[in-house]
Amino acid sequence: MSLIFAYIDPGAGSLIIQALIAAVVSVPFFFRNAIRSTLGRLRRKPAGGASGSIAAEDAGATPTDSE
Amino acid sequence: MTERPPAQREPGSYRDPSGFVFRRDGVLYRQVNQVFADDWAAFESSGLHAALVGAGVLVADHPASIELAPEPGALAVIRPDEVGFISHPFEWSFSQLKDAALLTLKAQTMASERGMTLRDASAYNIQFHAGRPILIDTLSFERVRAGEPWKPYRQFCEHFLAPLALMAHRDGRMGQLLRTWFDGIPLDLAAKLLPRRTRFSPGLTAHVHLHARAQRRHAGDTDAPGRTAPKSVTMSDPRRQALLDHLRRTVEGQHLPAHGTQWADYADQTSYSAAGTASKEAIVQRMLEAVAAEGGKRAWDVGANTGRYSAIAAEAGFDVIALDGDWAAVERDYLKLRAAGETRIMPLLADIADPPPGIGWANTERASLLQRANADVAVSLALVHHLAIGRNVPLPMIAELHARLAPHVIIEWVPKEDPMVRHLLSAREDVFPGYTMEGFRAAFATQFEIVEEAPIEDSSRVIFRMRSLP
């Protein structure tokens, strides 16, 4: 069954590679989220923290916050 | 029933079967088609529409009469708020493109939270409004289907990530590739042009280098039996979330190297004394206020450089397009304005000696810069010598171009004895016998009447205010 409904061409190679990339990057993604939620439970206000966790908290931040 | 004005479909709005943008009587509308009914309903019922508009991510729209629909199959007609000036991604500096990319991903994040997703990630769907990027395509969202990959992935990489990476890692001028490949930079080309060291960046390795290789490898894929059918690729929601998070980190990780360019430090090199600068600013301010008093609202600062005079125009009440041909000047101006929260000035990367042409289908899909000229006043300070001597453009042609830009012109005459002109002539033969104030007056007199002229103190330069001939 065809799953892709798109008016733009998503590209055969682009679909296949993104599935592979997603599989790889989901490992650190969930690891980071797990650490973050654990830290959040342990300390209400983490002082500083790793740059990775700060960036993850910025997921919904406005573009200007990225600089 | 009253006679309706004829509808004109916007030339760039033809790709998406779910609807299109048109004008009636100069007013911008969008027809939503019946084929899009379910997704349009979900866009409303999920609360995404209201959330995006409320967060300033998407332009607001207002219901309009379905009677206005120019084509059959209409479900609804909406009237979106218009942005003041339509710019193209190759007219943006690095940080403008980066902010547009991050806004696209923010829209996707908000959609994901409500069971929806972006259907496309075209850089042309983003415009700058009141100093901030904003999504202008109200039909960019649909319900996400379980197990679906992120369909705009390829478009996002080609429209945003590839040019950003090329600017960050190769050269800031590489953004101009978007003028040729206006529908996104081919990833195989981006991969070839990027320095080898970018292969040590996990983000660029994944989303550009490996992505390009996968495109090449699967270029000939068909639905034939025995081949992996790309259409059957599936991805869990959490994995799609991880992919998008990784893309966002990769975009955020792109930074320009810190170094100056030809113009970026130009303001410090001008020939003005402190008294001359104060005099010039006072003259320009007074002349802008005079144009404002005649009803002027929009100004184009041509050759804006550091944006000093764009700021004066904004203070005088104008919405300003600050054009400069040097990407670093535009970048610096944008960062400065963004930090200050300035909403009335839009820095734009465009060389007035080579204004962006109409591109895409029939050369009309994306309008040329001159077609988009909507200024009431063109402010051309310290520009005429760069065009006349730096680019060998005859003075009458400079006057004709200004007549196409705006009905009012504030323009600075820079004589041959000026140190900056002497510098331009220092290594070349002076083949410009007509470059005199008399020649300048005569050239502009064919297009404009000179309303006033003011010599700058402590300088041989003169600023003219002109009005186009009726």
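Scroll up to find the structure.
Residues numbered from 1 in each chain as written. Chains lettered and ligands numbered in written order. Predicted model: local features only at pLDDT ≥ 70, side-chain atom pairs only at ≥ 80, totals over all residues.

> Quick one: what's the story with the overall build of chain A, residue by residue and with numbers?
Looking only at helices and strands, chain A features two helices and zero strands. For chain A, the residues scored as buried account for 24% of the 67 residues in total. (Helix = DSSP H or I, 4+ residues; strand = E, 2+ residues; numbered from the N terminus. Buried ≥ 20, exposed ≤ 12 C-beta atoms within 10 Å, placed from the backbone.)

> Tell me about the sheet that holds strand 4 (residues 61-64) of chain B, residues and numbers included.
Residues and elements named next belong to chain B. Strand order in the open sheet made by the five strands is 1-2-3-5-4, with antiparallel pairing throughout. The open sheet is flanked by strand 1 (7-9) and strand 4, the only strands paired with a single partner. The average angle at which neighbouring strand axes cross in this sheet is 35 degrees, direction not considered. (Pairing = 2+ DSSP bridges. Axes fitted to C-alpha atoms, helices over the stretch in contact; angles between N-to-C directions.)

> Any chance you could break down the interface of chain A and chain B for me, citing the residues and the numbers?
For an interface, size is often stated in terms of accessible area lost upon the parts coming together. Of the residues lining the interface, 28 residues belong to chain A; the matching set on chain B comes to 46 residues. Ranked by residue count, the leading element in the side of chain A that touches chain B is helix 1 (residues 12-42) of chain A, at 14 residues. Taken together, the residues of the side of chain A that touches chain B sort by class into 19 nonpolar, nine polar and no charged. (Contact = placed C-beta atoms within 7 Å. Nonpolar A, V, L, I, M, F, W, Y, C, P; charged D, E, K, R; others polar.)

> Which residues make up the packing of helix 9 (residues 274-293) of chain B against helix 10 (residues 308-315) of chain B, and what values do they have?
For any two helices packed against each other, the geometry is given by the interaxial angle and the distance between the axes. All names here are of chain B. Their axes nearest at 9 Å, the elements helix 9 and helix 10 cross at an angle of 40 degrees. Seen along the crossing, helix 9 lies across helix 10 with a hand that is right-handed. Packed against helix 9, whose contacting residues are E281, V284, Q285 and L288, the element helix 10 presents Y309, I312 and A313 at the interface. Class assignment for the residues of the contact of helix 9 with helix 10 results in five nonpolar, one polar and one charged. (Left-handed = near helix turned anticlockwise from the far one by under 90°.)

> Pulling in residues and values, what's your account of the environment of D333 of chain B?
Relative to the elements of secondary structure, D333 of chain B occurs in helix 11 (residues 327-340). If we ignore the near neighbours within four places in the chain, the residues touching D333 of chain B are A304, T306, G307, A322 and P347 of chain B.

> Please provide a residue-by-residue account of the nonpolar core, values included.
All names here are of chain B. Of all hydrophobic cores here, the largest spans 145 residues; its most connected members are L164, A165, A190, V208, W300, A313 and V379. Ranked by residue count, the leading element in this core is helix 4 (residues 153-169), at eleven residues. With near-sequence residues (within four places) excluded, W300 lies in contact with I321, L323, A375, A378, V379, L405 and A406. (Core = buried A, V, L, I, M, F, W, Y, C linked by C-beta atoms within 7 Å.)

> Got a sec to walk through helix 4 of chain B? Specific residues and values, please.
Maximal helix bending in helix 4 of chain B amounts to about 35 degrees, located at L161 of chain B; proline P163 of chain B follows within four positions. For helix 4 of chain B, a buried count of 16 out of 17 residues is recorded, marking the element as mostly surrounded by other parts of the structure. (Bend = angle between axes of the 7 residues up to and from the residue.)

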